[in-house]
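Summary of the model geometry
Below, each chain spelled out in residue letters.
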Amino acid sequence: MGERDTAEKVLEDYNDVFADIVNVLLFEGKELMKEEELSNAKDKSQYKAENRLHEQERDVSKFWSRGEVRIALCGLENQTLIDKNMPFRVIGYDGAAYRSQLTEKKKRRYPVVTMVLYFGLKPWEGKRSLYECLEIPEEIKPYVSDYRINVFEIAYLEEEQVKRFKSDFRFVADYFVQIRKNRDYKPSKETIRHVDELLKLMAVLTEDERFIEAQNQSEGGVKNMCEVLDRAEERGKAEGRAEGRAEGRAEGKAEGRAEGRAEGRAEGKAEGKIVAYADVGLTVAEIAEKMGLSEEEIKTVLREEGILKE
């Protein structure tokens, strides 16, 4: 498992965050799922295709139970890009979860719910059902079961929905909604509970390492998104100053070279005139007067050219 995949899952794996996501997106903010009712489920399952055994893995999944009674298995899948085959993937996860119930000793069966969390700034234009993925002849369509998936476009949540989040996921949702609507982000001063996990998730979803760097560079760590943004801006200014100094030095060298070439050409022209005047028999004093230079300067040029030997 890569670091990126791990970072995406750690925050949502906290029971308080997982329950909060489900309660807001499925139950309109009603706290039906309690964090103490959750336990980790097996994320990996296997299937056979082309005579080979393959492994598939959910991002995060939890059993929701009350006492000894298992109510449901809920899974989260994170998407930053649109996946046109998402219905097939979800069917694979859900089917494996249902199939595993056949081997369990408990007789009570429970439903499986998968939620696709899409963090893109463009609307989800991917498929949302099995029917949309298939070309089904009308004659057999009545006999083909459809399968719809639950896609939640985080950047397109309403402000009232964002306010319902009580866990650190509200910072994630608030960020993407603001960026999508305003192309800018005004951070909150509310305290972050799972700081490290939140910033790692934000770094992965936004592909901006400054979220992690802000935590690493702060003594005692940051406590809210205002501090995160301040650290990022400070680092950006420092990098800008360093780049500015480097560019200034480079420009200075380039300008120096250009000035040097110009001065060299001017000096060359002057020396050429002095030599020409000497060739036609003018004295040092006459050349100095014509060139507006001292006699000593004229003598220096003539000595360098081997014309004056004293």
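Residues numbered from 1 in each chain as written. Predicted model: local features only at pLDDT ≥ 70, side-chain atom pairs only at ≥ 80, totals over all residues. Heavy atoms only, no water.

Counting secondary structure elements, the chain contains eleven helices and seven strands. The buried share among the 310 residues of the chain stands at 37%. Considering only residue pairs separated by 6 or more positions, the chain has 57% of its internal contacts joining residues 24 or more positions apart. (Helix = DSSP H or I, 4+ residues; strand = E, 2+ residues; numbered from the N terminus. Buried < 20%, exposed > 50% of the residue type's maximum accessible area, 1.4 Å probe, protein only. Contact = heavy atoms within 4.5 Å.)

Among the seven residues that make up strand E6 (residues 112–118), six are buried, leaving the element largely enclosed by the rest of the structure. In terms of strand pairing, strand E5 (residues 69–79) meets E6 through seven bridges, oriented parallel. Its bridge partner being in E6, Gly75 is matched across the sheet by Thr114. As judged from the four bridges shared by E6 and strand E7 (residues 150–153), these two strands associate in the parallel manner. If you follow Val116 over to E7, its bridge partner there is Val151. (Pairing = 2+ DSSP bridges.)

A ring pair, where both rings are aromatic, is described by two values, the distance of the centres and the angle of the planes. Summed over the entire model, instances satisfying the criterion amount to nine aromatic pairs. Between Phe119 and Phe176, the aromatic rings sit 5.5 Å apart at their centres with planes inclined by 50°, giving tilted as the arrangement. Taken together, the residues span a long stretch of sequence, with Phe119 in the loop between E6 and helix H4 (130–133) and Phe176 in helix H6 (residues 169–182) at a distance of 57 residues. The same class applies to Phe119 and to Phe176, which are both buried. Among the aromatic residues, those joined into a cluster by ring pairs are Phe119, Phe165, Phe169, Tyr175, Phe176, Tyr185 and Phe211. The lysine or arginine in question, Arg70, covers the ring of Phe63, its NZ or CZ lying 3.6 Å from the ring centre. Over the face of the ring belonging to Tyr156 we find Arg180, whose NZ or CZ atom lies 4.3 Å from the ring centre. (Phe/Tyr/Trp six-rings, centres within 6.5 Å; stacked < 30°, edge-to-face > 60°. Lys NZ or Arg CZ within 6 Å of the ring centre and 35° of its normal.)

Further remarks concern the environment of Leu38. For Leu38, the position within the fold is in strand E1 (residues 38–40). Remark: the alpha-carbon pair of Leu38 and Phe18, spanning 20 residues in sequence, is separated by 8.8 Å. Not counting residues within four places of it along the chain, the set of residues in contact with Leu38 comprises Asn15, Phe18, Ala19, Met33, Lys62, Phe63 and Trp64.

Next up on the list: the confidence of the model for the chain. Mean pLDDT for the chain: 83, with 78% of residues reaching 70 or above. Within the chain, the element-level pLDDT minimum falls on strand E2 (residues 44–49), averaging 50, and the maximum on E7, averaging 98. (pLDDT = per-residue confidence, 0-100.)

Below, the discussion takes up the pairing of strand E4 (residues 60–66). Taken across its seven residues, E4 has six buried, putting it largely inside the fold. Where E4 meets E5, seven bridges bridge the pair, whose relative direction is antiparallel. Bridge pairing links Lys62 to Cys74 in E5. Connecting the antiparallel pair E4 and E5 is a turn made up of two residues, with Gly67 showing a positive phi of about 65°.

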